[in-house]
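Read off the chains here:
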Amino acid sequence: MKIIFLMAAFFLFHNLQAAASPEARMILAVDYSKLSDDEIGQVNKLLIEMQPQEEYFEHTVAENENLYSIIQNYTRYSDGASPLSVTQIANAVAKASGVGNLNIIRQGQTLQFPSLPVRPFREGASYNQYQEFNLETKELAICSADGCDPVGLPKTLINNQRRSLADSGALSISVSKIAPREFEKIDVLLSNLGSKATLIPSGYVEIELLQDDFGVSPTIVKSHLPQAPSAGAASLYIVDKFSEDNCAHGNLVEDVVRDTLTKLEAWDELKARVHRLELDFWKDPEKGIKIIRNFIDSKYAGFHAKQLFEKELYDIKKDVERGAARDGIPALYLRALLENVEADNGIPILSASFWVKDQGIRILPRDHRFYERTFIFAATPNLSLEIESASLPEPQGSVYSNRSRSAILVSAFDANLAITSMFSRNGDGIEFIDLGTVTGQFGHCKNRNDHGSSFATPKIAALVFKLANESPRDKVIRRVLLSADIQEKFVNRVQAPGSPRLDLANLDSGLYGIKHNGIIERLSSTSKKHTLTVDQIKQPFGLVSGNTPSIAGVFFGVNDTYVFRESLWRWSQAKVSTFSIVTDIGTIELSELKLKYKGVIAL
């Protein structure tokens, strides 16, 4: 049996700033042969819902026709073989045509039909071509890697044309604009179909680097830390634009990484695991094509939508030969650049300080493996807005919708403790914040000043990279959250309301007190029985008998007391009425803890 699949290409709208580059779109590729009749019905339901009723075409009922024979004639969906699809189409026709009883239609009656592609053959279909359907013009074409041949409109096709389209083995549907609610429906469909579907980015996108040049002075923090252990399995990938001749944005981001690892006394040990991922496809198109080629061959060798990737790559090669599209980069290249990182057999960590200007383009779809090995740190746009009410670009949109202990957003604040990029209404969704001020320390970037989330993000990513080479992966983010130098005004704006202290995050496991002057003092091990009462509930503090505690940090602020709740994975206000720490020389109670320390944490 030959395998066929259903595929849809969605052309996406973008703002005026991106108008110079060819239009970006997404392709929804579905392995049709693996779909059940119910799943096929879900696909058709989505395609019907994406068409306004005023765009339906008219059909005048002929002698001896019924609704189901008309549907089969136009689409090849029959009530016996595809009952759900037929029901979806019939309901759409009835609603648009004002038909009360679907079983009673009369000769000469006018019905309104949605335009739909022809159902592909399950057997005998071609592997090397696919059916393309433009949902805006309603035109159908047969395509291969070398191009497309127009066939006609669904309402005017003759039988031979329908057979040719069915034999093409795949389907591509394109529209000029997709509303946010339609993207939500696409996400639901992808979630339901799982590995049977994927999104293919196509066309060209414009990249905006997250950069604000405030010309601010640096704040240099000196640290004296123990020697880092030998490198483990983690690698850090910086996704940006770089230069060999001057201080480009990526060079300054890389400078932050190097400076952070130097303060952690880990640069010499780990520098071989820090890699550049060049965003500028046109800097070396041949290398970019190889990256796309590797992506297609490694991820989609066994997926029959590969032909669609091949056509997209063919189009990119033609543009390279013509020297076209230099105002944007191939969307497929960006997707390949990021997903090829997953070929890293260790713990890949991505630092992304850019956003895609084209609205709606998805470069990190649902099938990106956030919950497995890959960490991704994305800088939030330098706009002081609540993230819950903002329209997020990529990759921030995908990171926010998939937020977890692996998909992480980072914001920035300035020297006046003003948040200069996005924040959260309730502290959920943005994990980290850092002073986004940078002064270059190395090479062409030495003494270069800048500010923004672009430069807060690589510091967090570099710290996680260092820790991931010596600690269990699932404990690294918790450790960095606990090491926040808490600013009360940031609580309930980000999960870790303050810059992570490199010296604190780098310590061995144990209970630590942070004195009011910032000095860190080891209090005890986590194996002893420490207790506290939070909101009238007495509970353990620190790791007890290998179990994860409900509270792992307490901060005594000027205005309130704050605790780190394991269940919420963030710092929040709480009423602490008792607190008892057992040390080697005795027990320290709440009043003495408040007097001596501004915070106590259990690493």
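Above this text is the structure in question.
This write-up is about the structure you can find in this document. (Residues numbered from 1 in each chain as written. Predicted model: local features only at pLDDT ≥ 70, side-chain atom pairs only at ≥ 80, totals over all residues. Heavy atoms only, no water.)

### Quick word on the pairing of strand β12 (residues 234-240)
Then, number 1: With respect to burial, β12 is a largely interior element, seven of its seven residues being buried.
Then, number 2: Judged by which residues are buried, β12 turns out to be covered on both faces: Ala234, Leu236, Ile238 and Asp240 on one side and Ser235, Tyr237 and Val239 on the other are all buried.
Then, number 3: One ladder, built from six bridges, connects β12 with strand β15 (residues 347-352); its direction is parallel. When the bridges of β15 are listed, Leu236 appears paired with Ile349.
Then, number 4: Summarising the sheet, β12 and strand β13 (residues 274-278) pair through five bridges and their orientation is parallel. The partner of Tyr237 across the bridge, within β13, is His275. (Buried < 20%, exposed > 50% of the residue type's maximum accessible area, 1.4 Å probe, protein only. Helix = DSSP H or I, 4+ residues; strand = E, 2+ residues; numbered from the N terminus. Pairing = 2+ DSSP bridges.)

### So, helix α9 (residues 306-322)
Then, number 1: Here α9 is 17 residues long and its end C-alpha atoms lie 25 Å apart, about the 24 Å a rise of 1.5 Å per residue gives.
Then, number 2: Inspection of α9 places Gln307, Leu308, Phe309, Glu310, Lys311, Glu312, Leu313, Ile316 and Asp319 among the buried residues, and these make up the whole buried set.
Then, number 3: At the exit of α9 stands Gly323, carrying a positive phi of roughly 70°. (Expected span 1.5 Å × (residues − 1).)

### Details of the packing of helix α8 (residues 285-299) against helix α10 (residues 331-339)
Then, number 1: Where α8 contacts α10, the two axes come as close as 9 Å, and the packing angle between them is 65°. As judged from the angle between their axes, α8 and α10 are roughly perpendicular. In the crossing of α8 with α10, the sense of the turn from one axis to the other is left-handed. Contact residues: α8 offers Gly288, Ile291, Ile292, Phe295 and Lys299, while α10 offers Leu332, Tyr333, Arg335, Ala336, Leu337 and Glu339.
Then, number 2: Per-class residue counts for the contact of α8 with α10 are seven nonpolar, one polar and three charged. (Axes fitted to C-alpha atoms, helices over the stretch in contact; angles between N-to-C directions. Parallel < 35°, antiparallel > 145°, perpendicular 65-115°, else oblique. Left-handed = near helix turned anticlockwise from the far one by under 90°. Contact = heavy atoms within 4.5 Å. Nonpolar A, V, L, I, M, F, W, Y, C, P; charged D, E, K, R; others polar.)

### Considering the pattern of salt bridges
Then, number 1: Taken as a whole and judged by the stated rule, the model has 23 salt bridges.
Then, number 2: The salt bridge partner of Arg276 is Glu254, with a shortest N-O separation of 2.9 Å. With a gap of 22 residues between them, Arg276 in strand β13 and Glu254 in helix α6 (residues 249-263) connect regions that are remote in the sequence.
Then, number 3: Lys263 serves as the salt-bridge partner of Asp259, at 3.2 Å between the closest nitrogen and oxygen. (Salt bridge = Lys/Arg side-chain N within 4 Å of Asp/Glu carboxyl O.)

### A closer look at unusual backbone geometry
Among all residues except glycine, the phi angle is most often negative; among peptide bonds, the trans geometry is most common.
Then, number 1: Following Glu394, the chain continues to Pro395 via a peptide bond in cis, the omega torsion being 5°.
Then, number 2: The backbone of Asn492 shows a phi angle near 70°, a positive value even though the residue is not glycine.
Then, number 3: With a phi angle near 50°, Asp535 is a residue other than glycine that sits in the positive phi range.
Then, number 4: Within the element layout of this structure, Asp535 appears in the loop between β24 (530-534) and β25 (537-541).
Then, number 5: With a relative accessible area of 37%, Asp535 lands in the partly exposed category.

### Focus: the state of the cysteines
Then, number 1: Going through the model one piece at a time under the given rule, you end up with two disulfides.
Then, number 2: Linked covalently through their sulfurs, Cys143 and Cys148 form a disulfide whose S-S length is 2.0 Å. Because the sign of the S-S torsion sets the handedness, a value of about 110° for the bond joining Cys143 and Cys148 places this disulfide among the right-handed ones.
Then, number 3: Under the relative-accessibility criterion, Cys148 is labelled partly exposed at 30%.
Then, number 4: Cysteines bonded in the protein are numbered consecutively along the chain; their disulfide partners then correspond to 1-2, 3-4. (Disulfide = S-S within 2.5 Å.)

Take it as geometry only, folks, not as evidence of what the structure does.
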